[in-house]
Structures are given as structure tokens and as C-alpha cells.
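Residue strings, one per chain:
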Amino acid sequence: MFSKEDFKHIPSEYEMSNYINNELWDNFCEFIRSNYNVNPKFEFSKCSLEFGWNIKFKKGSRTLCAVYPRENYFCVMIVI
């Protein structure tokens, strides 16, 4: 079972998809993959505002966007 706060267990894409449980998540991932040719990278944040696992899509060393998963939805921060 995936826990957003468990830093010892790196979630799989399947676990994250089940946690978010929103069809827009799968559509979003497919859009990013097909248009930017990048895969999600899971990172653990100890920041008090967004503690837990988040997902970043990076092109080289540059972050395109950061995704903050929630149960049944997700938030995206686009980096310009």
C-alpha cells in the first residue's frame, strides 16, 4: 500500500496512479511523454508545505513541471 509520507518506499507509476485515482492523471502523463519525451521522476520532499512524494518531469536538468499528488486529484506547478 502506497503512503505519501513513507520516504523509504519509492512509489511505482502504478501505485501513484492508484493513489491519485483520476483519469486526468493518466492523460496528463501521456501528454507530457508524447510532447516532451520525458518520464516522471519521483522525489521525496521534506518541505513542511508539501511533505511527501511528488513527481517532476524534467528535460535534462530543467524541471518542466512539478506534480503534487492528492487522493483523487493532483496539483501541477508549471515552471516557466
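Residues numbered from 1 in each chain as written. Predicted model: local features only at pLDDT ≥ 70, side-chain atom pairs only at ≥ 80, totals over all residues. Heavy atoms only, no water.

Attention now goes to the pairing of strand 4 (residues 73–78). Inspection of the sheet shows strand 3 (residues 62–70) paired to strand 4 by six bridges, in the antiparallel sense. Along strand 4, the bridge assignment pairs tyrosine 68 with cysteine 75. Counting the residues that bridge the hairpin from strand 3 to strand 4 gives two residues, and of these asparagine 72 lies at a positive phi of roughly 75°. (Pairing = 2+ DSSP bridges. Helix = DSSP H or I, 4+ residues; strand = E, 2+ residues; numbered from the N terminus.)

We now examine the side chain of serine 17. Relative to the helices and strands, serine 17 is located in helix 1 (residues 13–20). Each residue touching serine 17, except ones within four places of it in the same chain, is listed here: Trp25 and Asp26. (Contact = heavy atoms within 4.5 Å.)

For strand 1 (residues 40–45) and strand 2 (residues 52–59), the ladder comprises six bridges, and the chain directions are antiparallel. Across the sheet, the residue bridging to proline 40 is phenylalanine 57, located in strand 2. What sits between strand 1 and strand 2 in their antiparallel hairpin is a turn of six residues.

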